[in-house]
Amino acid sequence: MSRQATQLSYASPNVEVEARIAVADRLVTLSERPFTGVVLASGGGEAVELAIAIARRCTGRSWVISFRGCYHGCGSLSGLLGAEFDEPVDALRQIARKRHRIMQCALARSSCDVKPTVKTIRERLSHLPEAPAAIIVEPIVGVNGFYVLPREFLQVLRKFASAMDAVLIFDEVLTGFWRTGKCFAFQGLDCIPDAVCFGKAVTSGYIPLSGVLLSDKWRIRLAKNPLTWGTTNFAHPIACAAALCVLAELSGPTIQRRLLGLAPVAWDLAYQLAKRMPDIITEVRGAGLLLALQLSQSLAGDDRGLRVATMLRIRSLLYEHGLLAEIDPAIGVIPIAPPFVIDEDHLRLAFRAIETSLKDIAVENSVRRENRTRKRYQSTSGVMPS
Ligand SMILES: Cc1ncc(COP(=O)(O)O)c(C=O)c1O
C-alpha cells in the first residue's frame, strides 16, 4: 500500500492503472469460469447499485426483482431492495420502490418454501409491464439471519433469469473470499450467476474496495454499450494494492490450511454448545466460518421490548468477555464470523464466553420475569407471593 501511495496515490476510476488490472485478473482467476469481467467500486452497497446499473444498461430494461429479508446496503436503491414494504407506515418507501422499479418477492429459506415461493414469483412477474433487467439475491442470507438458501430455489432463479434474458446477480459482499468455505459461496451451491457483487473482505477491511464480477456474456454486452458511472474513489489504486496483498495471503497455503482445520472445530463447538443449552439455542446454521446460533423465543418470552433488551444485553455481556459481536437486536441470532487469523484455543475461548454470557442472560431474564410477576401481584392483590 505504501509503495502504491508513493507511485500513484490516485487516478480517476476509468483510467487503466496497473494495480487495477492486476486485481481484476486475480479476481477473475479466483472466481473461475465463466467470469471474465470486473468493474471495481468502493462500498458494498455501491457494488450492488453498480450491478443493477449494468443490468439496466445491458438489457435496456429497468425492473429489478429482489427478495424481502436479503440485505444489500443502505443507499437510496440498495437500501430499498431488501427492506420490508408491507407495513402501512412504509408508504413513503412504497412510493420510492415504485420509482426505483423494484418488484419484491418472498424468499424461500427452506426446501418446503420453494414451491409456493416460486408460484408467487411467477405471479408477480406476470404483473410486470416488461421482463426485469435483473434478479438480485444473497445466496446465503447474511445479516438477516444467516440462512443458506435451498439450491433448488437458486436454480429456479437461474432458469427464470436465463429465460427472460435478465442478469442474475448474487450479492456476495458478506460471503465472498472464503468466509463460507469456497472463495465465493456460489462455488459451493451448484448455481452460477451472471454477476457477483463483492466487497468487505477483498481488502480485509484495511481500506474500502468492492466491485462486480461479470460473466463473459454480460461483459461483452457491457463492452458494446459502456457505462460511465461511479464516484471519485471507485477502484482506488491504494485499495487495489491492499486487495492484491490480501488475496495473495488469503489464497496462500497458510490461511487455506488453517481454514480447513478451523471450520469443523467451530461447527463442533457450536453443536456441542447447542446440545448443552437446548432451551436457549434452537438451531445452528450457516456455512464455513459463518455460523449463526438461533436463540429461543422463550429466552425473552413474547415481549418485543424484552427481546430487544435481551439482545442488547447479550451484546454487552459478550463485549465484557472480550468478544465483539455484530448483533442486530431485532434478530434473535448470535452471528459467529471469526477472523481467519484465529487459532483453535481462541475459538474455544470465544465459545466459552458465549456460553457464559447466555447463562448470565438466562438468569437475569428469569429474575426480571419473577420481579415483574411480583409487581403485577402486588398491584392487583397487594399480597406478595412467597
Ligand atoms: C450482503 C451485503 N450486501 C451489501 C452490503 C453493504 O455493504 P456496505 O456496507 O459496504 O455498503 C452488506 C453489508 O453488510 C452486505 O452484507
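Please read all numbers here as calculations on a predicted model, not as lab measurements.

Would you mind going over the domain arrangement of the protein with me for this structure?
How big an interface is tends to be stated in terms of the accessible area lost upon association of its parts. For the protein, the assigned domains read domain 1 (2-251) and domain 2 (254-381). The gap between the C-alpha centroids of domain 1 and domain 2 is 30 Å. Facing 16 residues of domain 1, the contacting portion of domain 2 comprises 16 residues. Counting only elements with at least two residues in the side of domain 1 that touches domain 2, the list comes to β6 (147-148) and α9 (237-251). A per-element tally of the side of domain 1 that touches domain 2 places α9 first, with three residues. Here the side of domain 1 that touches domain 2 is built from residues that sort into eight nonpolar, six polar and two charged.

Teacher, can you tell me more about the sheet that holds strand β2 (residues 64-67) here?
Think of a sheet as strands paired side by side through backbone hydrogen bonds, with each pair either parallel or antiparallel. Reading across from one edge, β1-β9-β8-β7-β4-β2-β3 is the order of the seven strands in this open sheet, with mixed pairing throughout. In the strand order of this sheet, the two ends are held by β1 (35-41) and β3 (102-105), each with one partner. Averaged over neighbouring strand pairs, the angle between their axes works out to 20 degrees when direction is ignored. Across two bridges, the pairing between β2 and strand β4 (residues 134-137) is parallel. The residue of β4 that forms the bridge with V64 is A134. Packing against the sheet, helix α8 (residues 216-224) makes contact with β1, β7 (167-171), β8 (195-198) and β9 (210-215), and its axis sits at approximately 105 degrees to β9.

What is the right way to look at unusual backbone geometry in this model?
For residues besides glycine, phi is generally negative; the peptide bonds are generally trans as well. Of note in the backbone geometry, W178 takes a positive phi value of approximately 70 degrees without being a glycine. For W178, the location among the structural elements is in the loop between β7 and β8. Unusually for a residue other than glycine, D190 sits at a positive phi of about 55 degrees. As for its position among the elements, D190 is in the loop between β7 and β8.

It is not clear to me how the nonpolar core should be interpreted in this structure. Could you clarify?
Residues A51, A134, I135, V167, I169, A195 and V212 are the most contacted members of the largest nonpolar core, which totals 112 residues. Those residues in contact with V212, other than ones at most four positions away along the chain, are V39, A47, L50, A51, I54, A195 and C197.

Which parts of the structure should I look at to understand the sheet that holds strand β11 (residues 290-295)?
Spatial strand order, β10-β11-β12: three strands in an open sheet with antiparallel pairing. Among the strands making up the open sheet, the edge pair consists of β10 (281-287) and β12 (333-336). For this sheet the average axis-to-axis angle between neighbouring strands, irrespective of direction, equals 15 degrees. Strand direction decides the pairing type here: β11 and β12, joined by four bridges, are antiparallel. From the neighbouring strand, L293 faces β12, where its bridge partner is I334.

Help me out: how do you make sense of the packing of helix α3 (residues 44-59) against α8 in this one?
Each pair of packed helices can be summarised by the angle the axes make with each other and by the distance between the axes. Running from amino to carboxyl end, α3 crosses α8 at an angle of 70 degrees, the nearest separation of the two axes being 9 Å. As judged from the angle between their axes, α3 and α8 are roughly perpendicular. Packed against α3, whose contacting residues are I54, R57 and C58, the element α8 presents W218, R221 and L222 at the interface. Considering only residue class, the contact of α3 with α8 consists of four nonpolar, no polar and two charged.

Teacher, can you tell me more about helix α5 (residues 91-100) here?
An α-helix turns once per 3.6 residues; consequently, residues spaced three or four apart project the same way. The buried fraction of α5 amounts to one of the ten residues, a small share that puts the element mostly on the outside. Positioned one or two residues after α5, R101 has a phi angle of 55 degrees, which is positive.

Looking at this model, I keep getting lost on the packing of helix α2 (residues 18-31) against α9. Mind explaining?
Running from amino to carboxyl end, α2 crosses α9 at an angle of 35 degrees, the nearest separation of the two axes being 8 Å. The interaxial crossing formed by α2 with α9 has left-handed handedness. Contacts between α2 and α9 involve A19, R20, A22, V23, R26 and L30 on the former and, on the latter, P237, C240, A241, A243, L244, L247 and S251. For the contact of α2 with α9, a count of residues per class yields ten nonpolar, one polar and two charged.

Definitions and limits used
- Residues numbered from 1 in each chain as written.
- Predicted model: local features only at pLDDT ≥ 70, side-chain atom pairs only at ≥ 80, totals over all residues.
- Domains from an automatic or database assignment.
- Contact = placed C-beta atoms within 7 Å.
- Helix = DSSP H or I, 4+ residues; strand = E, 2+ residues; numbered from the N terminus.
- Nonpolar A, V, L, I, M, F, W, Y, C, P; charged D, E, K, R; others polar.
- Pairing = 2+ DSSP bridges.
- Axes fitted to C-alpha atoms, helices over the stretch in contact; angles between N-to-C directions.
- Core = buried A, V, L, I, M, F, W, Y, C linked by C-beta atoms within 7 Å.
- Buried ≥ 20, exposed ≤ 12 C-beta atoms within 10 Å, placed from the backbone.
- Parallel < 35°, antiparallel > 145°, perpendicular 65-115°, else oblique.
- Left-handed = near helix turned anticlockwise from the far one by under 90°.

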